[in-house]
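# Secondary and tertiary structure notes
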Amino acid sequence: MTDRLPHEKGFHISWDQIHRDSRALAWRLDGHGPDDGAWRAVVAITRGGMAPAMIVARELDIRTVDTISIKSYNNQERTEARVLKAPDATIMGDGTGILVVDDLVDSGKTLELVRKLYPRAHFATVYAKPQGRPQVDTFITEVSQDTWIFFPWDMALQYVEPYRGKD
Ligand SMILES: O=P(O)(O)OC[C@H]1O[C@H](OP(=O)(O)OP(=O)(O)O)[C@H](O)[C@@H]1O
Ligand code: HPA
Ligand SMILES: [Mg+2]
């Protein structure tokens, strides 16, 4: 399987790690909304943005949460990004005071598409690769472009052979 990976490096994130990093993202965003510093709503980019968005909404006590469904990848292969489901138009407006959350920005194509729809929203991701950085307003950890990030929802605990194996 690993010989099929298009990237040299893998960055494996545990549930604990994404919880900590998403909390750090929330704390960084706290009080930085427009006007009084408050955010009107959190919008998760599905599916990867849903867990971080839930944690951000919980930390910042934001009860209005919606989703925008975008599909950009088939496994590790990038395809044309398209909107499968839009969020509530009355919540969104032009995006002012809306916190759009995703797990990561890679090429930036997903955020570019959402930005076109809601130019005044604030775009936050937990992880960022250099190519996508211009599309994200706030993020926590940067990884190199040739790193593939593995999220806990895509992994399972597995037995591994001891370093000193049978032969
Ligand atoms: O910056 P980009 O190159 O556009 O890539 C980043 C996007 O790709 C992944 O989503 P994906 O489309 O794989 O869907 P998923 O969240 O449902 O897994 C990831 O969760 C981001 O949303
Ligand atoms: O590095 C990545 N990991 C998981 N999903 C992704 N979608 C785009 N890039 C990535
Ligand atoms: Mg996604």
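Starting afresh in each chain, residues are numbered from 1 along the sequence in its written order. To read the labels, note that chains go from A and ligands from 1, taken in the order they are written. The predicted nature of this model means local features are confined to residues of pLDDT at least 70 and side-chain atom pairs, given and counted, to a pLDDT of 80 or more, with totals for whole chains, interfaces and linings taken over all residues. Side-chain metrics in this entry use all non-hydrogen atoms of the structure; hydrogen atoms and water are not considered.

### Some details on the site of ligand 2
In the region of ligand 2, the neighbouring residues are Tyr 73, Leu 104, Asp 106, Lys 129, Trp 148, Ile 149 and Phe 151. Counted as a polar contact is a pair of N or O atoms within 3.5 Å, where, for protein atoms, one must be capable of donating a hydrogen and the other of accepting one, and residues adjacent in sequence contribute only when both atoms are in side chains. The side chain of Asp 106 places a nitrogen or oxygen atom 2.7 Å from a nitrogen atom of ligand 2. Trp 148 places a side-chain nitrogen or oxygen 3.5 Å from a nitrogen atom of ligand 2. Taking 260 Å² as the accessible area of ligand 2 by itself, protein coverage stands at 86%. Its residues assigned to classes, the shell around ligand 2 comprises five nonpolar, no polar and two charged. A single heavy atom is enough: if one lies within 4 Å of a molecule or strand, its residue is considered near that molecule or strand. With residues, only the protein chains shown are counted as cover, and all accessible areas are computed by Shrake-Rupley using a 1.4 Å probe. Basically, the charged four are Asp, Glu, Lys and Arg, the nonpolar ten are Ala, Val, Leu, Ile, Met, Phe, Trp, Tyr, Cys and Pro, and anything else, Gly included, counts as polar.

### So, the UniProt feature "domain: Phosphoribosyltransferase" (unreviewed entry) in the protein chain
When the UniProt feature table is mapped onto this chain, "domain: Phosphoribosyltransferase" (unreviewed entry) is found at residues 14–159. Only runs of H or I of at least four residues qualify as helices and only runs of E of at least two qualify as strands under DSSP, and these elements are numbered from the N terminus. Taken end to end, residues 14–159 has its terminal C-alpha atoms 16 Å apart, with 26% of it in helix and 34% in strand. UniProt positions are given in the numbering used here, feature names are shortened, and annotations may be inferred rather than shown by experiment.

### A short note on the sheet that holds strand β6 (residues 122–128)
One key point about sheets: their strands pair by backbone hydrogen bonds, in either a parallel or an antiparallel sense. Pairing is mixed across the open sheet formed by six strands, whose spatial order is β4-β3-β2-β5-β6-β7. In the strand order of this sheet, the two ends are held by β4 (77–85) and β7 (138–142), each with one partner. Neighbouring strand axes in the sheet, compared pairwise and without regard to direction, differ in orientation by 20° on average. Bridge analysis of strand β2 (residues 41–46) against strand β3 (residues 65–74) gives five bridges, and the strand direction is parallel. When the bridges of β3 are listed, Val 42 appears paired with Val 65. When checking whether two residues touch, look at their non-hydrogen atoms; a contact exists if any pair is within 4.5 Å. Helix axes are fitted only over the stretch in contact, all axes being lines through C-alpha atoms; the angle between N-to-C directions runs from 0 to 180 degrees. With respect to the sheet, helix α2 (residues 50–59) is in contact with β2, β3, β5 (98–105) and β6, its orientation differing from that of β2 by roughly 165°. Lying over the sheet, helix α4 (residues 109–117) contacts β2, β3, β4, β5 and β6, oriented at roughly 30° with respect to β4. Any two strands between which DSSP finds at least two bridges are classified as paired.

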